[in-house]
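Each chain is listed here by its residues.
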Amino acid sequence: MKEFDRGFIEPLKKEGVLVIYTGGTIGSMPKDTADKESPQVVVSCQKFRDICKDEYNLSDIGFNIDWYSTEPLDSCNVGIKEWKEIAKAIDKYYKYYEGFVVLHGTDTMVYTATALSFMFDNLSKPVIITGAQRAFMFNLRNDGWQNFITSLYLANPTYSKIPKISEVCIYFDKKVFRGNRTRKNQATDDDAYYSPNFSSLGRIGDEYKINKHLIRKPQHSEFRVLDSFEENVISLNFFPGIQDGDIIERILEDSSLRGVVLMAYGAGNLPTKPMKVLNLISDAINRRNVVFLVVTQCGGGDVLLGMYDTSAKLIDLGISSGYDITPEAALVKVMHLLGQYKEHIKKDKKFVKLVATELQKNLKGEQSVSIFTTPLKPYGDLKLDVSNKILMYEPTKIDGVENDSEYEKIVLRFKGAAINTEKEFIDLKIFVNYSSDKIDVESDFYLGAFKKSNIGLNNSSEPTVLFFDITKKAYSQLERTPSFKIFLDSPGSISWIDTELTIFRKEI
Ligand code: ASP
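Note that this is a predicted model, so its numbers are computed, not measured.

About the cut-offs
Residues numbered from 1 in each chain as written. Predicted model: local features only at pLDDT ≥ 70, side-chain atom pairs only at ≥ 80, totals over all residues. Heavy atoms only, no water. Salt bridge = Lys/Arg side-chain N within 4 Å of Asp/Glu carboxyl O. Helix = DSSP H or I, 4+ residues; strand = E, 2+ residues; numbered from the N terminus. Buried < 20%, exposed > 50% of the residue type's maximum accessible area, 1.4 Å probe, protein only. Axes fitted to C-alpha atoms, helices over the stretch in contact; angles between N-to-C directions. Parallel < 35°, antiparallel > 145°, perpendicular 65-115°, else oblique. Left-handed = near helix turned anticlockwise from the far one by under 90°. Contact = heavy atoms within 4.5 Å. Core = buried A, V, L, I, M, F, W, Y, C linked by side-chain atoms within 4.5 Å.

Take the pattern of salt bridges next. Counted under the stated rule, the structure contains 26 salt bridges. Linking arginine 287 and aspartate 283 is a salt bridge whose minimum nitrogen-to-oxygen distance equals 3.3 Å. Taken together, the positions of arginine 287 and aspartate 283, both in helix α7 (residues 276-288) and 4 residues apart, correspond to about one turn of that helix. Given the relative accessible area of 24%, aspartate 283 is considered partly exposed. Measuring nitrogen to oxygen at the nearest pair gives 3.9 Å for the salt bridge that ties arginine 288 to aspartate 283. Judged by its relative accessible area of 19%, arginine 288 falls in the buried class. Residues joined in a network through salt bridges with shared partners are Asp427, Lys429, Lys451 and Asp489.

Listed below in structure tokens is the structure:
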């Protein structure tokens, strides 16, 4: 019988589930079949399929399974070429199948799942990626067979009656994860994956329990595949000492570099003493149009730029915040978005800005919040002092406001701010859509009083970004085109360079 190495394994019945075989442990056997200790190698799809049918009675499953094979690989060798090939195979026969199962090595499964999630627009069918820590073809005690069979059921909800999940998922060790939320945290045990900032989509044990409220709504527009990626990106893991060496300079000054994921400490903090790191980043942005996305290198949690001075400076540089995206999804998102504008980005700053803006938005469920920033235009100079105590902004349509949305946070930011006062602090009072020139703290349009102490000017600290958290009160006003008014209600003065309104919109 002919061994098929690549492509669709005919005859295709074009119904049920299409399995895309890429290799990995699930498709591995010892090189020397007589010696179980010999290194495992990936078998051909044909052989894998025959073993499933002849030795494991796969045909009893109750529905048809068709097969497609990429070059069978250890997933360490998977790259953009394979992502495109998998996507193309799904695209080609999308309409015929209930769903798709991708058999894949565990090492880079998260990257492939994430890449597919960004590549697929308007996905309305399940795409389930699975693999094994121990292969079933030569191990009686294994996880691979159950992972495979349950994935087939998940991919065929019409047959299995498991609620349909029209997303790119990873199914492993009884749990269904959203692929782009997942990380590999176990090199050997069965529970290879976890989803740090987002609950799993379900659990399939004796019974199945799918968290329906977490599933993204299936899209009904035409399915399409966006398959461009930029590979000249890097993720930079910060560690004490990186600021003292020369390597960081070499990396950030490389002319082929297009995008960087900054794996920062804690809530998004970078070394600021010396300023070398920030200067190198600023140079890369301004002179070479490099795009930066900051994520946390911790196992979970989110980036909150401005919580510390060591991250506030990133806002001034215009660096995008990944909020609670995983480092793996951040890297693939940078590759994906840069890929969409590959031709233009080197030459035109406009596209750098566009990618930086898109990076902060949730595209395919990869982050819990989308961040939108709208610049506000003042009537007059950005300066308040004893002679000029009121500043008003033009009414502005706020980016990212949608009906029925919930906002985690609404913040006014003054960038490059300097305060000068003899007292301990100045007192600023903020109103929205407020016509009066008198302070009335009982008014419905009053957003709050903010006390801010000396910075910049006569003080030794540099101008910095100031935050005004107006979440509680501004919420209902966002549906309109708000105009903000700031009153200086104390002696002293304040000046700043730019004002922006940042909203953190909750997403599924
Ligand atoms: N090296 C293997 C791979 O990723 C590991 C596995 O599949 O578990 O292909």
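Next comes the rest of the description.
This part takes up the packing of α7 against helix α8 (residues 309-317). Axis separation between α7 and α8 bottoms out at 11 Å; the angle between their running directions is 15 degrees. In terms of orientation, α7 lies roughly parallel with respect to α8. In this structure, α7 meets α8 at a crossing whose hand is right-handed. Of α8, the residues touching α7 (which contributes Leu278, Ile281, Ser282 and Ile285) are Lys313, Leu314 and Leu317.

This next bit is on the nonpolar core. In globular proteins that are soluble, nonpolar side chains generally tend to be buried together. Counting 57 residues, the largest nonpolar core has Trp83, Ile90, Phe120 and Ile170 as its most contacted members. Considering every element that reaches this core, the biggest residue donor is helix α9 (residues 327-340), with 8 residues. When neighbours within four sequence positions are excluded, tryptophan 83 is seen to be in contact with Val78, Tyr111, Thr112, Ala115, Leu116, Met119, Phe229, Val332 and Met335. Within the second largest apolar cluster, 39 residues are counted, among which are Ile26, Cys52, Met137 and Leu214.

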